Amino acid sequence: MAPARQTARPFLRPTLLGCAATLGLLALLATVLPSRDHRVVAVSRLGNGVRLLPPRVAFSFLPLERRLALPRQGTSTLLHIPTQLPLAGGAAVRATLHLELAGYGPLPVAAGRVRALGWEGAWAEWLGPLHLDERETQWALAATALWRAIFPDDPPLSPPHLRPELRPRLAPLEVVDAQLLVAEGEEVVRAAASQELARRLGSRGRLIVLGLDALDWPFVDELVARGVMPHLAALLPQSAHATLEVPQPLISPVVWTTIATGVSPEVHGVLDFLEPDPAGGPPRPVSAASRKAVAIWEMAAAAGLSTATIGWWASFPAEAPPRGSVYSDRLTEQLLGLSAAVPKLADPPEAEARAHRLAVKATEVTADMVAPLASLSSEELAAVRRGATSWDDPIGGLAKLVAATVTIERLTDEELARRTDLVLSYLEGTDTVGHLFAPLMPPPLPGVDADLARRFGRVPERYFAQVDAWIGRTVEQMRPEDRLVIVSDHGFAWGRRRPHLPSGAHTATAVLWHEPEGAFLAYGRGIEPSRTRRRLQILDVAPALLALAGLPPAAEMPGTKPAWLPNDAPRGRVSYAALLPRRAPATVELPPEAREEELAKLRALGYLAGSSSPTPVPAQAPAGGATAPTPAFDRVEARRLNNLGSSRGQAGDVRGAEEAFRRAINADPSYAPAHYNLALLLRKQGRYDEADREFWLAVETGVRERELAVVQSALDYAARGETARAKATFAEGLRRFPNSATIWLNAGVFLGQLGEGKEATTCLERAVALDPNNAKAHSNLATALYQAGDVEGARRHLARAVALEPDNQELRAQLAALGGPPPS
């Protein structure tokens with residue numbers, strides 16, 4: 001028997017070891033160890049049980065139960081359930097219910113549904129539709145980052161009370177917190193925000209905005225006093241009006257886009273009359289593609305207002321907002337209008353149909369349309385109808401001016417008749433008439449054709465009388481609750497302020513006719529009339545328009561509504577940029593003949609030289625044998641960057657302005673304005689050596705009125721106490737321009753003020769020799785000679801000055817004091 005017992009022991013030992021190993025493996029498969037960052041859910045693989053395991057060592061048999069990890073926060077478990085949040089109108093937005101649970105035990109979701117739908121799907125089915133009231137729904141939206149960005153000043157709302165509803169459904173677990181967060185669907189959130197914005201608006205009337213380019217208070221006041229503008233004369237005592245302060249650059253598309261958006265050119269992106277072609281072709285007239293900021297008509301449409309935008313700069317290709325109409329700046333034959341029919345001149349299609357019905361082309365202008373302004377012969381009208389005239393021809397320019405004006409007035413009258421909530425109508429003609437005909441006004445400027453002055457010299461005031469009649473018709477269509485705003489982008493140099501420079505006729509001098517003060521007038525419900533003319537900043541115009549339309553202020557606008565205007569808007573700012581993200585407009589390719597037509601108008605009105613890339617004045621060889629910058633290749637980009645630099649400089653961004661000017665120079669080293677503006681900027685910072693280098697490069701590359709620029713630079717140094725630099729600037733200017741009476745005269749006056757009489761006399765004698773009919777040169781030379789003891793010489797030159805300016809009583813008194821008889 002002993003051998004039998006010996007053979008049994010080896011057999012029992014492996015069996016016991018195997019059982020122990022099996023039990024250990026089963027224990028391992030069933031044991032769940034606690035974790036600091038997650039909790040474990042056990043989901044039955046066969047039945048329907050789902051349980052949250054306790055936060056200690058727990059048991060779950062892995063072959064029979066699937067394990068899932070849920071995030072843990074402190075002692076609580078986090079559960080995220082996807083759901084749909086119903087909105088007004090039947091829409092819905094995706095959301096997530098965030099639950100914070102305490103405790104452990106069975107969960108109410110069935111394991112079979114988890115296997116069929118997945119973990120999130122099963123919980124979404126279990127939760128079912130949420131039954132929230134309007135306030136609770138708005139709270140869920142207001143909790144989103146997008147909603148908070150749109151309404152940054154809204155106070156926090158109380159969250160919906162979801163815990164009482166969920167507690168019995170999740171027992172035995174305790175619901176510590178329940179939050180409903182919108183997960184995605186920005187367009188739905190924006191749609192809901194627009195509905196909320198519209199809900200906040202109170203009762204209101206219409207706002208009518210007439211944008212009259214270059215409307216100038218001194219000229220308007222003169223016409224009002226003479227009875228030329230009776231409707232405006234009646235309006236002024238009932239209106240709030242202000243002088244509008246407009247920073248450089250005084251370029252229409254730049255300023256009108258600032259008015260429309262309430263942000264600076266650097267932000268809104270419209271920097272010039274032209275823009276680069278993204279396809280790499282020749283530059284093209286500025287379009288809606290350049291505008292990067294939301295416009296006021298888009299803001300109003302988002303609040304549910306009906307809108308009409310007529311002729312506004314940078315609105316082509318036309319893209320209307322909901323309930324809106326856009327008649328683009330290319331529709332009318334104003335500055336950049338097109339005579340050819342191309343897509344997207346107006347939008348939507350019904351607006352395009354109205355435009356085709358109401359628009360007038362220059363070839364369709366009749367004698368009756370022109371008669372209030374000037375008399376044209378039948379032959380001249382026939383030439384207009386054949387298209388044989390152009391912008392720089394007074395007859396062709398007049399016909400196009402009339403056509404554009406009639407079109408704008410008709411479209412505006414149509415939208416007023418349709419009771420549109422917000423009408424923004426822009427008339428280029430009040431600027432165009434000045435560029436074309438101001439030189440002909442009595443007394444005509446030197447060099448003006450006398451016959452043209454006789455025929456067309458009264459066109460400007462007659463045109464303003466026609467605009468005044470339009471203002472009168474507009475006021476007649478207003479109801480007591482309506483409001484009217486008249487605004488301009490800058491002033492204009494009328495009368496004695498006219499520069500002795502051409503405006504139009506292929507000369508790049510149009511901006512020299514613009515004045516930095518525009519006009520603003522507000523009339524209608526709740527507007528207190530002004531006792532005196534106030535002042536208003538350009539960036540305050542858009543906030544004023546929003547307030548007068550009853551719209552909340554824009555968070556993006558740095559300006560504010562002036563205190564002297566009423567405010568019907570609800571409290572709190574709105575980020576219209578967050579509500580209405582700017583999207584690139586549709587691309588519309590114009591045929592080459594249409595592109596050339598646009599550029600021809602810019603040339604005719606003086607905004608461009610004779611080609612799309614203007615050629616600078618031939619550079620004068622700089623001192624020291626250096627090579628002048630060669631004409632370069634991206635003049636359009638240089639212009640845009642130079643305007644950007646001017647805008648930044650006006651805003652006090654010195655570093656940004658310098659960076660923009662240097663980029664402009666890099667784009668085109670031969671572009672004189674960029675050198676000149678950089679020189680002024682550097683001089684203000686006391687960086688005189690750098691400033692002088694840029695200034696003389698500006699002179700060499702053809703800055704406008706180079707001799708006068710030398711004088712201004714020297715006198716600027718003198719005003720800064722930099723006498724040596726002022727003398728050096730005059731000396732270098734005389735070396736470069738030895739026959740400049742202007743520089744000799746001002747250098748003589750400057751040296752005389754320094755007490756350097758001999759040098760002053762030499763300069764002034766040279767000025768008189770170069771310009772013997774210059775009264776200032778003679779009178780200043782008389783002063784220098786008198787101080788040197790040459791009384792007879794002084795009397796002789798003073799007598800000559802009086803002969804040249806016989807109405808100058810100061811000169812006559814000085815001559816009498818010297819014992820000289822008044823000239824006969």
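Keep in mind the model is a prediction, meaning the values are calculated, not measured.

A.B. asks: Which parts of the structure should I look at to understand the pairing of strand E10 (residues 207–212)?
C.D. replies: Here is the key point about a regular strand: its side chains alternate between the two faces of the sheet. Counted residue by residue, E10 has six buried out of six residues, so it is predominantly covered. Burial of E10 is two-sided: the residues Leu-207, Val-209 and Gly-211 facing one way and the residues Ile-208, Leu-210 and Leu-212 facing the other way are all buried. Pairing of E10 with strand E17 (residues 422–427) involves six bridges; the strand directions are parallel. In the sheet register, Leu-212 faces E17, and the bridge partner there is Leu-427. When E10 meets strand E18 (residues 483–487), the two strands line up parallel, connected through five bridges. Among the inter-strand pairings, Ile-208 is bridged to a residue of E18, identified as Leu-484.

A.B. asks: What am I meant to see in the layout of surface pockets here?
C.D. replies: One water molecule sets the probe size; rolling that probe over the atoms shows where empty space is left. Of the pockets and cavities examined, the second largest pocket occupies roughly 580 Å³. In terms of lining residues, the second largest pocket is bounded by 28 residues, among which Glu-298, Pro-321, Leu-580, Pro-581 and Arg-583 are the most central. Mapped by element, the contributors of at least two residues to the lining of the second largest pocket are helix H6 (186–200) and helix H11 (296–302). For the lining of the second largest pocket, the residue count by class is 17 nonpolar, three polar and eight charged.

A.B. asks: Looking at this structure, I do not really get the environment of Leu-33. What am I missing?
C.D. replies: Mapped onto the secondary structure, Leu-33 falls in the loop between strand E1 (31–32) and strand E2 (38–44). With 24 residues separating them in the primary sequence, Leu-33 and Val-57 have C-alpha atoms 4.8 Å apart.

A.B. asks: Even after reading the chapter, I still don't get the nonpolar core, so can you show me in this structure?
C.D. replies: The tendency in soluble globular proteins is for nonpolar side chains to be buried side by side. In this structure, Trp-119, Leu-166, Leu-180 and Phe-520 are the most contacted members of the largest nonpolar core, which totals 103 residues. Counting residues per element, this core draws most heavily on helix H2 (residues 111–127), which supplies seven residues. Among all residues touching Leu-166, those that are not within four sequence positions of it are Leu-97, Leu-99, Trp-126, Leu-127, Val-175 and Ala-178. Listed in part, the 73 residues of the second largest apolar core include Met-229, Leu-376, Val-402 and Phe-456.

A.B. asks: Just checking my understanding: could you explain the confidence of the model for the protein chain for this structure?
C.D. replies: Any segment with low pLDDT has predicted coordinates that should not be analysed in fine detail. On average, residues of the protein chain carry a pLDDT of 86, and 87% of them reach 70 or more. Throughout residues 610–632 the model reports pLDDT below 50, and contacts reaching past four residues in sequence, or to other chains, amount to 46 contacts.

Conventions and cut-offs
- Residues numbered from 1 in each chain as written.
- Predicted model: local features only at pLDDT ≥ 70, side-chain atom pairs only at ≥ 80, totals over all residues.
- Heavy atoms only, no water.
- Buried < 20%, exposed > 50% of the residue type's maximum accessible area, 1.4 Å probe, protein only.
- Helix = DSSP H or I, 4+ residues; strand = E, 2+ residues; numbered from the N terminus.
- Pairing = 2+ DSSP bridges.
- 1 Å grid on protein atoms, 1.4 Å probe; cavity = no way out; pocket = protein on both sides within 12 Å on 5 of 7 lines; lining within 4 Å.
- Points joined across faces, edges and corners; volume = space filled by probe spheres on them.
- Nonpolar A, V, L, I, M, F, W, Y, C, P; charged D, E, K, R; others polar.
- Core = buried A, V, L, I, M, F, W, Y, C linked by side-chain atoms within 4.5 Å.
- Contact = heavy atoms within 4.5 Å.
- pLDDT = per-residue confidence, 0-100.

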